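Fold and contact review
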Amino acid sequence: MTDMLDALIGSAVYDPGGDKIGKVKRVYIDNDSGSPTWVAVSTGLFRDDALVPLAGAQHQWDAGALQVQVKKDVVKTAPNLAQNGMISPEAELELFDHYDIDPNRSGWNTFEMQPRRAASPAQGRQRPGNGMVRPEERLDLGTEQEIAGRARVRRYIETEEQTVEVPTSREEVQVDREPITDPYTIRPYDIGEQGAEVTLHHDQMMVNNESRRVERVCLDVDEVEDSRIVSGAVREELIDTEGVDDPDCRRR
């Protein structure tokens, strides 16, 4: 069991869709059952290791790959609750809730490790000690989030002149002359100076500013899936031989 758990360290972790999440840095063992239940996965620089459940996971020993049953985006938002290499019962309950795991379900922590392949007769054949190992480099690709910019919304005041036509009214005086046909119906007046007046009215304009709520402006952030072409130089060693007739042994 120890050798199998040691093989987990450094394994590449993939989600069910084949997206690489990171690499295993630590394995957590259940105190009661002794079974591996969680792994700490390094997901990139400047990030804390993410705790990933081993429930339903499969480890391919020869490929050095661990496929878990949780998606990459769920792992990215997982809380890092390990302290001093331990996961408290309260922290484990929070992890269960994040990954939607029912710990009361039988077999929730089932973990499958494919055993190392047995050597075939040809592989088990003794070879002389004058061989060599041919290494090669491969691009180890991953992503990490960094600040690309900032967006903000703010209010500011802009003044403009508005011209509005408003209907108004005013009072005007007209002289109305009415002849008197029966002078005896009117009280006699003495000749002399006399006057009469009326009060005239008109609309006076009053302009006030009134503030009204017209809309609400918010900032929403959407995650857009994209892809980029990455290139890098990798090295590999080629093998050349002399005095060997097998063409497969001359280069690779």
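Every value quoted in this text rests on a predicted model; they were computed, and no experiment measured them.

**What about the overall build of the protein?**
Across its full length, the protein carries four helices and seven strands. Sorting the 252 residues of the protein into buried and exposed places 17% on the buried side. Taking as baseline every contact in the protein between residues at least 6 positions apart, the subset at least 24 positions apart corresponds to 56%. Taken as a whole, the protein presents about 23,100 Å² of accessible surface, with 46% of it coming from carbon and sulfur.

**Details of the nonpolar core**
Membership of the largest hydrophobic core comes to 28 residues, with the highest contact counts inside it found for V39, V52, L66, V68 and Y99. Looking at this core, the elements that each hand over two or more residues are α1 (2-8), β2 (20-29), β3 (36-42), β4 (50-53) and α3 (89-99).

**With respect to the packing of aromatic side chains**
The full count for this structure, using the stated rule, is two aromatic pairs. With centroids separated by 5.8 Å and ring planes inclined at 35°, the aromatic side chains of W38 and F96 adopt a geometry described as tilted. Pair noted here: W38 is in strand β3 and F96 is in helix α3, with a separation of 58 residues, a long-range link. A single burial state applies to W38 and to F96, both of which are buried. When the ring of W38 is compared with that of Y99, the centres are 6.2 Å apart and the planes differ by 45°; the resulting orientation is tilted. A residue pair is termed long-range when its members are at least 10 positions apart, and W38 in strand β3 and Y99 in helix α3 qualify at 61 residues. Here W38 and Y99 have matching classes, each one buried. Counting every residue linked through ring pairs, the aromatic cluster contains W38, F96 and Y99.

**Let's talk about the pattern of salt bridges**
One pass over the structure, following the stated rule, counts three salt bridges. Measuring nitrogen to oxygen at the nearest pair gives 3.0 Å for the salt bridge that ties R170 to E172. As far as the burial class goes, R170 and E172 line up, both exposed. A salt bridge links E210 to R212; the nearest nitrogen and oxygen atoms lie 3.4 Å apart. Judged by relative accessible area, E210 falls into the exposed class, the value being 61%. Look at R212 and you get exposed, because its relative accessible area is 63%.

**Brief notes about unusual backbone geometry**
Even without a glycine there, the phi angle at D100 is positive, about 55°. Examined against the element boundaries, D100 turns out to sit in the loop between α3 and β7 (112-114).

**A closer look at the pairing of β4**
Side chains A50 and V52 project from β4 onto one buried face, and the interleaved L51 and P53 project onto a second face that is buried too. Alignment of β3 against β4, held across four bridges, turns out to be antiparallel. Bridge pairing in β4 places A40 opposite L51.

**Remarks on the environment of V27**
Its location among the elements puts V27 in strand β2. Setting aside its immediate chain neighbours within four residues, V27 contacts L5, L8, I9, P36, W38 and V39.

**Topic: the pairing of β2**
Bridging between strand β1 (residues 12-14) and β2 involves three bridges; their strand directions are antiparallel. Bridging from a neighbouring strand, Y14 pairs with K20 of β2. Where β2 lies against β3, six bridges are found, and the strand directions are antiparallel. Bridge pairing in β3 links I29 to P36. Counted along the chain from β2 to the antiparallel partner β3, the turn is six residues long, and its residue G34 has a positive phi close to 75°.

**Things to note about the environment of L238**
For L238, the position within the fold is in the segment after α4 (121-124). Take L238: its relative accessible area is 45%, and that puts it in the partly exposed class. Along the sequence, L238 and E136 sit 102 residues apart, while their C-alpha atoms lie 9.0 Å from each other.

The rules behind each value
- Residues numbered from 1 in each chain as written.
- Predicted model: local features only at pLDDT ≥ 70, side-chain atom pairs only at ≥ 80, totals over all residues.
- Heavy atoms only, no water.
- Helix = DSSP H or I, 4+ residues; strand = E, 2+ residues; numbered from the N terminus.
- Buried < 20%, exposed > 50% of the residue type's maximum accessible area, 1.4 Å probe, protein only.
- Contact = heavy atoms within 4.5 Å.
- Areas by Shrake-Rupley, 256 points an atom, 1.4 Å probe, with all protein chains shown as cover.
- Core = buried A, V, L, I, M, F, W, Y, C linked by side-chain atoms within 4.5 Å.
- Phe/Tyr/Trp six-rings, centres within 6.5 Å; stacked < 30°, edge-to-face > 60°.
- Salt bridge = Lys/Arg side-chain N within 4 Å of Asp/Glu carboxyl O.
- Pairing = 2+ DSSP bridges.

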